[in-house]
Amino acid sequence: MEDRQFRNAMGKFATGVNVIATEVEGEVYGMTANAFMSVSLDPKLIVISIGNHAKMLERIRQSGKFSVNVLSCEQQEESMRFAGQKQFEDKFEFDTLAGVPVVSDALCQLSCDVYNEHTEGDHVLFIGKVNDLVLEEGDPLIFNCGKYRRLEALEEVSSK
Ligand code: FAD
Ligand code: NAD
């Protein structure tokens, strides 16, 4: 099976878009990621998946902490900035939540400690224990079939 075919298949599954952020020795770093899932309510755990070529991998290992920032549909530029899809001249200013850098105006900011990690193939799964969170109103940025998209409301499906 070709990589492209597998990626096309995975791209059929529409996701939100996150920026993962961490701080190492006073420097803050961000990375766009859509591989994310809620794992456990007790304790509150989430999982992210970081490719073994991404610089973010060692940065999270070094800091032991990271944030997950669920982007709104107004934040496509943030996604492109932290995926290296577009270069920007200006400096990006992060906020802080429970000692971890977070993206302002994200729909959801989760501040996490690394709870566990598992190497699987060419990615590392980081389990994060959520210590604090902030929620904002708004619609999410969507990633589907390799494209950024917005949500559109559908007619409610009758239960009868
Ligand atoms: P870098 O290449 O150092 O950083 C990425 C970009 O962010 C660079 O352009 C850098 O200049 C910029 N940047 C970093 N920190 C700052 C800062 N403080 N201020 C301003 N700019 C900064 N990869 C995965 O491993 N897992 C995923 O789940 C995943 N999902 C993705 C989803 C989407 C929609 C897209 C578009 C990409 C996804 N990627 C994912 C790919 C990943 O975002 C890129 O490979 C990324 O470039 C890897 O970054 P890096 O950690 O190597 O760091
Ligand atoms: P794409 O068609 O490559 O992405 C479609 C889907 O394929 C993604 O949502 C993801 O589920 C999967 N995918 C893509 N690359 C992967 C990888 N290296 N490992 C595991 N799963 C992967 O979309 P695109 O617009 O070409 O993506 C832009 C860039 O972002 C590409 O370089 C892509 O590799 C990278 N990306 C990486 C991941 C990841 O590592 N988990 C996820 C999404 C995008």
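Located above this text is the structure these notes cover.
Nothing here was measured: the structure is a model prediction, and the numbers come from that model. (Residues numbered from 1 in each chain as written. Chains lettered and ligands numbered in written order. Predicted model: local features only at pLDDT ≥ 70, side-chain atom pairs only at ≥ 80, totals over all residues.)

Undergrad: For the site of ligand 2, give the residues involved together with the corresponding values.
TA: Around ligand 2 sit Arg7, Met10, Gly11, Asn34, Ala35, Ser49, Gly51, Ala83, Phe143 and Gly146, and that is every residue in its neighbourhood. Of all elements in the fold, only α1 (3–11) and β5 (45–51) reach the threshold of two or more residues within the shell around ligand 2. Among the elements that take part in the shell around ligand 2, α1 stands out by supplying 3 residues, more than any other. Its residues assigned to classes, the shell around ligand 2 shows 4 nonpolar, 5 polar and 1 charged. (Near = placed C-beta within 6 Å. Helix = DSSP H or I, 4+ residues; strand = E, 2+ residues; numbered from the N terminus. Nonpolar A, V, L, I, M, F, W, Y, C, P; charged D, E, K, R; others polar.)

Undergrad: Any chance you could break down the pairing of strand β2 (residues 18–24) for me, citing the residues and the numbers?
TA: Within β2, 5 of the 7 residues are buried, which leaves it mostly tucked inside the rest of the structure. Taken together, the 7 bridges between β2 and strand β3 (residues 27–33) define a ladder with antiparallel strand orientation. Bridge pairing in β3 links Val19 to Thr32. Between β2 and β3, which follow one another and run antiparallel, lie 2 residues, and Glu25 among them has a positive phi close to 50°. Here β2 runs beside strand β6 (residues 65–70); their pairing, made up of 4 bridges, is antiparallel. Counterpart to Ala21 in the pairing with β6 is Ser67. (Buried ≥ 20, exposed ≤ 12 C-beta atoms within 10 Å, placed from the backbone. Pairing = 2+ DSSP bridges.)

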